[in-house]
Amino acid sequence: MADIVLGIGTSHSPVLALPSHEWIHRAAVDQANEALNLSNGRRLSYGQLLAEVGPKYEDDIAPHILAEKERLSQAALDRLAHELEQADPDAVIIVGDDQAELFNANNQPALAVYHGHEMITLEGKYAQEDAPEWMRTVGHGYLMERSHTTPAAGELGLRLIEGLMEQHVDVASVAAVTNPRQAGFGHAYGFVVKRLLRK
């Protein structure tokens, strides 16, 4: 029987993989988004949202404020990495989302557990030669600027699948990544491995 020795959580926002002076690139993506998802489920363009809310956060994006936010964010990530290192677990279970990285609309399980012996990251949009430099920087922070292979605890994965099935949880079983240019482990996985496991 396994013991849980530590539980932690982190965002994997692209801004955590960029210096604050480059956050403007992510802002431009939001400003071009015609369907920003609000917490109440509504979808608005950036222009519609700005008209509705007004520029009340304008002072929060001054360069010195963003630099301080970057410093605090990176210090918090350093603390998580340190806590993980101090816990020295035999295995780390990463729970993350999948945004058309390993799965697509043809097969989108609510819950999937991987039980292969190595994990391969997706070599996707961050690896394209025409990708802007800031996006390639984010890809590096996600282990997605090229395909990376890391070891995995396949036997533990199988035990998790079996245990979930015994508890009547409908779980998908994933054994391998066959073509990392088409599908692979994405940003939620790669960010944790790169930033917290320091690989």
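1. Let's talk about the overall build of the protein chain
What the protein chain contains, in helices and strands, is six helices and six strands. Ordered by position from the N terminus, the helices and strands of the protein chain form the series α-β-β-α-α-β-β-α-β-α-β-α. By its C-alpha atoms, the protein chain is 55 × 40 × 35 Å across when sized along the principal axes. Taking all 199 residues of the protein chain together, the buried fraction comes to 31%. Residue pairs at least 24 apart in sequence account for 73% of intrachain contacts in the protein chain once pairs closer than 6 positions are excluded. Accessible surface, the protein chain as shown: approximately 13,100 Å² in total, 52% of it carbon and sulfur.

2. Remarks on the packing of aromatic side chains
A full pass over the atoms with the stated rule returns four aromatic pairs. Centre to centre, the rings of Tyr114 and Phe185 are 4.8 Å apart; their planes meet at 80 degrees, and the pair counts as edge-to-face. Of this pair, Tyr114 sits in strand 3 (residues 112-114) while Phe185 sits in the loop between strand 6 (172-174) and helix 6 (187-196), and the two are 71 residues apart along the sequence. Under the relative-accessibility criterion, Phe185 is labelled buried at 10%. Residues Tyr126 and Tyr142 carry aromatic rings whose centres are separated by 5.6 Å and whose planes lie at 80 degrees to one another, so their mutual orientation is edge-to-face. A residue pair is termed long-range when its members are at least 10 positions apart, and Tyr126 in the loop between strand 4 (118-120) and helix 4 (133-141) and Tyr142 in the loop between helix 4 and strand 5 (149-151) qualify at 16 residues. Considered together, Tyr126 and Tyr142 belong to a single accessibility category, that of buried residues.

3. Structural notes on helix 5 (residues 154-166)
Relative to the 18 Å expected for 13 residues at 1.5 Å per residue, helix 5 spans 18 Å between its end C-alpha atoms, a close match to the ideal helical length. Within helix 5, the full set of buried residues consists of Gly154, Gly157 and Ile161. Viewed end-on, helix 5 has its buried residues packed into an arc of 55 degrees, placing them on one side of the element. In helix 5, the exposed positions that point more than 90 degrees away from the buried face belong to Arg159 and Glu166. Considering only its buried residues, helix 5 is in contact with strand 3 and strand 6. Where helix 5 terminates, the next one or two residues include His168, which has phi positive at roughly 65 degrees.

4. A closer look at a nonpolar patch on the surface
There is a patch of nonpolar side chains on the surface, built from Val5, Leu6 and Ile8 and spanning about 240 Å² of accessible area. As for its placement among the helices and strands, Val5 is situated in the segment before helix 1 (23-32). Residue classification places Val5 among the exposed positions, given a relative accessible area of 57%.

Rules used in this analysis
Residues numbered from 1 in each chain as written. Predicted model: local features only at pLDDT ≥ 70, side-chain atom pairs only at ≥ 80, totals over all residues. Heavy atoms only, no water. Helix = DSSP H or I, 4+ residues; strand = E, 2+ residues; numbered from the N terminus. Buried < 20%, exposed > 50% of the residue type's maximum accessible area, 1.4 Å probe, protein only. Contact = heavy atoms within 4.5 Å. Areas by Shrake-Rupley, 256 points an atom, 1.4 Å probe, with all protein chains shown as cover. Phe/Tyr/Trp six-rings, centres within 6.5 Å; stacked < 30°, edge-to-face > 60°. Expected span 1.5 Å × (residues − 1). Arc of directions from axis to C-beta. Patch = residues over 30% accessible without salt bridge, like charges linked within 9 Å, V, L, I, M, F, W, Y side chains within 5 Å. Salt bridge = Lys/Arg side-chain N within 4 Å of Asp/Glu carboxyl O.

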